[in-house]
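Structural overview for review
Chain residues, written in single-letter form:
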Amino acid sequence: MKDMLKKFLNTKYFAFFFYLALAIVFWGIPNDFKFASRVHIYGDPAFILWSLKWWPYAISHGLNPFLTKAIWAPFGQDLAWTTSVPSIALLFSPITLSFGPVLSYNLATILSLALAPFGIYLICKSINLSQSSSIFGGLIFFFSSYVWGQLLGHLNLYVVFVIPFLIYLFILRFKNEIGSKKYILISGILLAFQFGISNEIYATFVTFSYIALFIMFYIFRKDDNYKQLIIKTALESFLAVLVSALLLLPYLYYIFYRYVKGPIFDPSHYEADPLNFFIPTPFTLLFGNLFEPISIKFIGWPTERGAYLGLPLIFIIVSFMLISWRSKNRFYIFLSSLFIVLVIASFGPYLTSLGHRFPLVMPWYIFTKMPLIKNVLPMRFTLYIDIFAAIISAIWFEKSNINKNIRYAISFLAILFLIPNLNMYRGSQITYPSFISSGIYKKYIKPDENIIVFPTYGADDGPQGALWQMKTNFYFNLSQSLTGASTPKELRKDKDIHWFLYHFIWGDMKSDINPCSEYSFLSYLSKSKVGAILVP
């Protein structure tokens, strides 16, 4: 019996169920384990819930799921330029249709929380690390600041398990443990799936993959065998990208159908603060509230401030880098070099700290001038920093020559410094007013009628519009936004509605009412053909 248990503890199955148990506990506690009815709700997660229901609804009703007039009616919205997560929506559609989108949302969260560190574990095992070292690497990523920052509402940005699995596949192919066709096909499918979760992460992964291959090629430039392997695997990876593009042709068509020329968000407003790597935000349990007077000065939304590594983990990374340069181990030098490149890239086009921009242009500035990639936000590169921090930590845990007890103590502190403040993730019970839940709305609102629900997403992160429309099975249309995507051009160019658009649809709803604002309000109602207004 003991031998069987010992054998099980050394299997990948134990590792997965270990991460799964952690995910259930850490996501269950703030939601009281009520996964079918509770979620941390505001505008962004409300739109994700809306999307989880929209995709199976649209397809089952013969509607175009990309172009919809359910929002921004009567002009419509191209969902290809939103965070509508079609991959997750379609994968979990049986659960959504049977039990509702809240359960799908929470299950997707739990599975991603388990699968992503499991992917790190597989990477570590593939580079011949022990079971304990590999599990440690996965734990570092499980508690990563990037993931727990985005867990406050950006499902499209924290469901990232595909990325570690793609890296794992690359290693297997590099070692010739899987065939070329199998690598290209599986990687292509995974890339397409990732695109349907977040096309931003798809774009940044492909970009950094080829930056990584260039660094690897340079480090191994004097080794002909490795050079050939790198070139071959790079070409096969490119073919995998082409396979994903073929699978994504309908999606790509709607990406370019209403191509957004300018950045949706200014990358210079979403740069990682160098101090954030050392200083936690209130989302971190240990010292988070203590350092809030400093961390509140970091730029970007609070959920995006996910660069924090903590002093113990920084010590591990720096120690690993010193060992790398002294030992001249080329693989370790590659990991160290790539890590440094990722950190520098996360600073964005300009170096900014505590809200102050320094007159120093950073390397990422070049990428802000390129099509498509210019839309990505450098703060989110901390995803890749955390992935390689986890791999580096696992190697250090196994290869470091320092005293065993000291090594265990530092490793424990590295995890302890990352544990999130679960009070920040308290879920709310999703409820609906009787006007919606009882169906009374049908007496006052016609099918497909255009309405406005206050407060709006843009004005106060209001989730009601998305939740109420979703609850009614898209009975009515909304003449407002549910997401951060751009305003329809028909509205942007109309000066008559400018005041209402930017104060009540995209604003604080606190502006003084005057004759001009009244005219703007009535003009918006007329041009958007609004038949009713709902308030909580």
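Scroll up to find the structure.
Every value quoted in this text rests on a predicted model; they were computed, and no experiment measured them. (Residues numbered from 1 in each chain as written. Predicted model: local features only at pLDDT ≥ 70, side-chain atom pairs only at ≥ 80, totals over all residues. Heavy atoms only, no water.)

**Comments concerning the overall build of the chain**
Looking only at helices and strands, one finds 25 helices and nine strands in the chain. In summary, the chain has a C-alpha radius of gyration of 24 Å against a globular reference of 24 Å for 536 residues, a match within 12%. Looking at the 536 residues of the chain, the share that counts as buried comes to 57%. Sequence separation of 24 or more characterises 77% of the internal contacts of the chain that already satisfy a separation of 6 or more. As presented, the chain carries roughly 23,700 Å² of accessible surface, and 66% of it is formed by carbon and sulfur atoms. Between the mean site of the 43 positive side-chain charges and the mean site of the 26 negative ones, the chain shows a separation of 9 Å. (Helix = DSSP H or I, 4+ residues; strand = E, 2+ residues; numbered from the N terminus. Rg over C-alpha atoms; globule rule 2.2 N^0.38 Å. Buried < 20%, exposed > 50% of the residue type's maximum accessible area, 1.4 Å probe, protein only. Contact = heavy atoms within 4.5 Å. Areas by Shrake-Rupley, 256 points an atom, 1.4 Å probe, with all protein chains shown as cover. Lys, Arg positive; Asp, Glu negative; His and termini not counted. Charge placed at Lys NZ, Arg CZ, Asp CG, Glu CD.)

**Section: the sheet that holds strand β9 (residues 530-534)**
Strand pairing within a sheet occurs via backbone hydrogen bonds; the two strands may be parallel or antiparallel. Here three strands make up an open sheet; going across it, the order is β8-β7-β9 and the pairing parallel. The sheet is open, and its two edges are formed by β8 (477-478) and β9, each paired on a single side. One ladder, built from two bridges, connects strand β7 (residues 450-453) with β8; its direction is parallel. Looking across to β8, one finds that isoleucine 451 is bridged to leucine 478. (Pairing = 2+ DSSP bridges.)

**Brief notes about the environment of histidine 498**
Along the polypeptide, histidine 498 turns up in helix α24 (residues 498-505). Residues histidine 498 and serine 523, spaced 25 residues apart in sequence, show a C-alpha to C-alpha distance of 9.7 Å.

**Describing the nonpolar core**
Membership of the largest hydrophobic core comes to 165 residues, with the highest contact counts inside it found for Trp50, Trp148, Phe339 and Ile387. Not counting residues within four places of it along the chain, the set of residues in contact with tryptophan 50 comprises Thr68, Ala70, Ile71, Leu79, Ala466, Gln469, Met470, Phe474 and Leu482. Listed in part, the 13 residues of the second largest apolar core include Phe454, Leu501, Leu525 and Val530. (Core = buried A, V, L, I, M, F, W, Y, C linked by side-chain atoms within 4.5 Å.)

**So, the environment of isoleucine 391**
Tracing the sequence through the fold places isoleucine 391 in helix α18 (residues 382-399). Sequence separation between isoleucine 391 and serine 133 is 258 residues, and the spatial gap between their C-alpha atoms is 9.4 Å. Each residue touching isoleucine 391, except ones within four places of it in the same chain, is listed here: Ile123, Cys124, Ile127 and Leu335.

**Observations regarding the packing of aromatic side chains**
A full pass over the atoms with the stated rule returns 48 aromatic pairs. Geometrically, the ring pair formed by phenylalanine 16 and phenylalanine 118 is edge-to-face, given 5.5 Å between the ring centres and 70 degrees between the ring planes. In this pair, phenylalanine 16 is assigned in helix α2 (residues 12-28) and phenylalanine 118 in helix α6 (residues 101-126), connecting sequence segments 102 residues apart. Taken individually, phenylalanine 16 and phenylalanine 118 each receive the classification buried, so the pair is uniform in this respect. A ring pair is formed by tyrosine 350 and tyrosine 365, whose centres lie 5.9 Å apart and whose planes are at 65 degrees; its orientation type is edge-to-face. Of the two residues, tyrosine 350 is situated in strand β4 (residues 350-353) and tyrosine 365 in the loop between β5 (356-361) and α18; the sequence distance between them amounts to 15 residues. Look at tyrosine 350 and you get partly exposed, because its relative accessible area is 23%. Looking at tyrosine 365, the relative accessible area reads 30%, which means it is partly exposed. (Phe/Tyr/Trp six-rings, centres within 6.5 Å; stacked < 30°, edge-to-face > 60°.)

**Examining the pattern of salt bridges**
This model, assessed by the stated rule, comprises 10 salt bridges. Note that arginine 380 and glutamate 200 form a salt bridge whose closest N and O atoms lie 2.5 Å from each other. In this pair, arginine 380 is assigned in the loop between β5 and α18 and glutamate 200 in helix α12 (residues 199-219), connecting sequence segments 180 residues apart. Several salt bridges converge on common partners, so that one network encompasses Asp32, Arg38 and Arg426. (Salt bridge = Lys/Arg side-chain N within 4 Å of Asp/Glu carboxyl O.)

**Some points on the packing of helix α16 (residues 311-327) against helix α19 (residues 404-416)**
α19 packs onto α16 with a crossing angle of 125 degrees between their chain directions and a minimal axis gap of 7 Å. Here α16 lies oblique to α19, going by the angle between them. Of α19, the residues touching α16 (which contributes Pro312, Leu313, Phe315 and Ile316) are Ile410, Leu413 and Ala414. A breakdown of the residues in the contact of α16 with α19 according to their chemical character gives seven nonpolar, no polar and no charged. (Axes fitted to C-alpha atoms, helices over the stretch in contact; angles between N-to-C directions. Parallel < 35°, antiparallel > 145°, perpendicular 65-115°, else oblique. Nonpolar A, V, L, I, M, F, W, Y, C, P; charged D, E, K, R; others polar.)

By themselves these figures say nothing about function.
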